[in-house]
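This is what each chain is made of:
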Amino acid sequence: MPARSQPLSPLPERVGALRVSARHLVNATVAPVERSPAGAGGDVYGAVESPYGTRLLIGDVMGKGRALARTADNVLRAWRDLAACEARLEGIAVRLHSLVAHSDEPDRFVTATLLSVESDGSAQLVCCGHPPPVLLRDGAAVHAAVPAPAPPLGLLDLHSGWCAAQPVPATAWDCCCSTRTG
């Protein structure tokens, strides 16, 4: 059977100057997944306004069952707190990595893309193992350039425990969407 689109937990229609929405493609032949507070299965996403611009999180927790939903909830709650008080996206990613790496689920990791969009439309992007976002330009979808993505959260120690933010100029995009594989 073909995949069908399923709405995720509601996001506000607008966050700062951005219009936001989220959808999950569900393979109709796969058994239903336990929903996390953030979305379907291990999907983790959020959008908040902060003193540092509009912050976005797009991610996926590896695993199944109740532990997956618990990890997704913990990451989302920590991200919301950090998005409001941590100026650097790299700092948010490293702190989320520490949360995942030192959780009760030792084999857990989370792929994530973090964005911080300024009022002028410029942005910073940190990609930790998640497919890069798609930039919509003049109605055409183009993958954001992520020259050196870092490992997923929980596995950053494989990359010296750090990741780097990449600038996204205001002229590069009309809006941003997540890509999802699998």
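Residues numbered from 1 in each chain as written. Predicted model: local features only at pLDDT ≥ 70, side-chain atom pairs only at ≥ 80, totals over all residues. Heavy atoms only, no water.

Novice: Talk me through the overall build of the chain; I want residue IDs and the actual numbers.
Specialist: Helix and strand content of the chain: 2 helices and 12 strands. Partitioning the contacts of the chain with sequence separation of at least 6, the portion at a separation of at least 24 is 62%. When the accessible surface of the chain is totalled, it reaches about 9,600 Å², and 55% of it is carbon and sulfur. (Helix = DSSP H or I, 4+ residues; strand = E, 2+ residues; numbered from the N terminus. Contact = heavy atoms within 4.5 Å. Areas by Shrake-Rupley, 256 points an atom, 1.4 Å probe, with all protein chains shown as cover.)

Novice: An account of the environment of Val61 is requested, with residue identities and associated values reported.
Specialist: With respect to the helices, strands and loops of the structure, Val61 is situated in strand β6 (residues 53–61). For the pair Val61 and Phe109, spaced 48 residues apart in sequence, the C-alpha to C-alpha distance is 6.2 Å. Look past the residues within four positions of Val61 in its chain and what remains in contact with it is Gly42, Val44, Leu68, Thr71, Ala72, Arg108, Phe109 and Val110.

Novice: Before we move on, can you summarise the nonpolar core with the specific residues and values?
Specialist: Among the nonpolar cores identified, the biggest contains 27 residues, and Trp79, Leu96, Leu114, Val126 and Leu153 are the most heavily contacted of them. When residues of this core are assigned to their parent elements, the largest contribution, 8 residues, is made by helix α1 (residues 65–85). Not counting chain neighbours up to four residues away, the residues in contact with Val126 comprise Leu89, Glu90, Ala93, Ala112, Thr113, Leu114, Cys163, Ala164 and Ala165. The next biggest cluster of nonpolar side chains, apart from the first, holds 12 residues, and it includes Val15, Val20, Leu125 and Val168. (Core = buried A, V, L, I, M, F, W, Y, C linked by side-chain atoms within 4.5 Å. Buried < 20%, exposed > 50% of the residue type's maximum accessible area, 1.4 Å probe, protein only.)

Novice: Now, about the pairing of strand β7 (residues 110–117): what can you tell me, with residues and values included?
Specialist: In terms of burial, β7 is largely enclosed, as 8 of its 8 residues are buried. Residues Val110, Ala112, Leu114 and Ser116 point to one face of β7 and Thr111, Thr113, Leu115 and Val117 to the other, with burial holding for every one of them. Here β6 runs beside β7; their pairing, made up of 8 bridges, is antiparallel. Paired with Arg55 across the two strands is Ser116, which belongs to β7. The hairpin formed by β7 and strand β8 (residues 123–128) contains 5 residues between the paired strands, and Gly121 there has a positive phi angle of roughly 95 degrees. (Pairing = 2+ DSSP bridges.)

Novice: How would you summarise α1 if you had to cite specific residues and measurements?
Specialist: In a regular helix each residue adds 1.5 Å, so 21 residues correspond to 30 Å; α1 covers 31 Å between its end C-alpha atoms and thus fits that length. Among the residues making up α1, those that are buried are Ala67, Leu68, Ala69, Thr71, Ala72, Val75, Leu76, Ala78, Trp79, Leu82 and Ala83. (Expected span 1.5 Å × (residues − 1).)

Novice: Tell me about the pattern of salt bridges, and name the residues and values.
Specialist: In total, this model carries 3 salt bridges according to the counting rule given. Across the salt bridge formed by Arg77 and Asp73, the nearest N and O atoms sit 2.8 Å from each other. Of this pair, Arg77 and Asp73 both sit in helix α1, 4 residues apart, which is roughly one turn of that helix. Between Glu86 and Arg95 there is a salt bridge; the shortest N-O distance is 3.2 Å. For Glu86, a relative accessible area of 18% translates into the label buried. (Salt bridge = Lys/Arg side-chain N within 4 Å of Asp/Glu carboxyl O.)

Nothing here speaks to function; it is geometry throughout.
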